[in-house]
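Here are the chains, one letter per residue:
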Amino acid sequence: MTHTPANGHPVRILLVEDDNNIGRIIEFAMRGLGIPYEFVSVLSAEEGLERWREQPFDLLITDYNLRGMNGVRLIKELHAQGYYPPTLIVTAYDSAEVRNAAAEAAVDSYMTKPFFIDELIERIKQLLPSAHIVHERAINGY
């Protein structure tokens, strides 16, 4: 889904999730953002890096446990390439080790599966660039 706000740039969101069912749930939930966005979903961190190199995104949502490179390693790779997007990690494998790895990689937000859709949307809104939030408030009159 792509719409263009007044600034001419929809929020570009990349989802890296190797479970198609969860990916579809998150994609469906994104409709609740209430702002213009472009949503791209990929199944691996490696594919996510390729897509990022083609055109950077405004927000990264990634699963922690992926085939191949995990979500924390993906974030570290992006940082090594000079990209520091707002990041949200979702994981079904919550542990002190995973939380420490996420903190070490400067992950902005961390959610465990299963999660409530409303909570996901609120977390995403908190991570969005402020220009998009201002636009949303202008559209919705608050």
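Everything numeric in this text was worked out from a predicted model, so none of it was measured.

**Structural notes on the side chain of T91**
Here comes step 1: Mapped onto the elements of the fold, T91 is located in strand β4 (residues 87-91).
Here comes step 2: Among the polar contacts made by the side chain of T91, one reaches the main-chain amide nitrogen of Y93 at a distance of 2.9 Å.
Here comes step 3: Sequence-distant contacts of T91, defined by excluding residues within four places in its chain, comprise D63, Y64, V98, Y110, M111, T112 and K113.

**With respect to the packing of helix α2 (residues 45-54) against helix α3 (residues 71-80)**
Here comes step 1: With their axes 10 Å apart at the nearest point, α2 and α3 run at an angle of 25° to one another. Here α2 is positioned roughly parallel relative to α3, judged by the angle of their axes. The crossing of α2 and α3 is right-handed. In this structure, α2 uses A45, L49 and W52 to contact α3, whose residues at the interface are L74, E77 and L78.
Here comes step 2: Tallied by class, residues from the contact of α2 with α3 come to five nonpolar, no polar and one charged.

**Notes on the nonpolar core**
Here comes step 1: Of all hydrophobic cores here, the largest spans 22 residues; its most connected members are L14, V16, L60, L74 and I89.
Here comes step 2: Breaking this core down by element, the ones donating at least two residues are β1 (11-16), β2 (37-42), α2, α3 and α4 (96-104).
Here comes step 3: Ranked by residues supplied to this core, first place goes to α3 with four residues.
Here comes step 4: With residues near it in sequence (within four places) discarded, L74 still touches V16, A45, L49, L60, T62 and M69.
Here comes step 5: The next biggest cluster of nonpolar side chains, apart from the first, holds 21 residues, and it includes I13, I26, F39 and I124.

Parameters at a glance
Residues numbered from 1 in each chain as written. Predicted model: local features only at pLDDT ≥ 70, side-chain atom pairs only at ≥ 80, totals over all residues. Heavy atoms only, no water. Helix = DSSP H or I, 4+ residues; strand = E, 2+ residues; numbered from the N terminus. Polar contact = N/O pair within 3.5 Å; in protein donor to acceptor, adjacent residues only side chain to side chain. Contact = heavy atoms within 4.5 Å. Axes fitted to C-alpha atoms, helices over the stretch in contact; angles between N-to-C directions. Parallel < 35°, antiparallel > 145°, perpendicular 65-115°, else oblique. Left-handed = near helix turned anticlockwise from the far one by under 90°. Nonpolar A, V, L, I, M, F, W, Y, C, P; charged D, E, K, R; others polar. Core = buried A, V, L, I, M, F, W, Y, C linked by side-chain atoms within 4.5 Å. Buried < 20%, exposed > 50% of the residue type's maximum accessible area, 1.4 Å probe, protein only.

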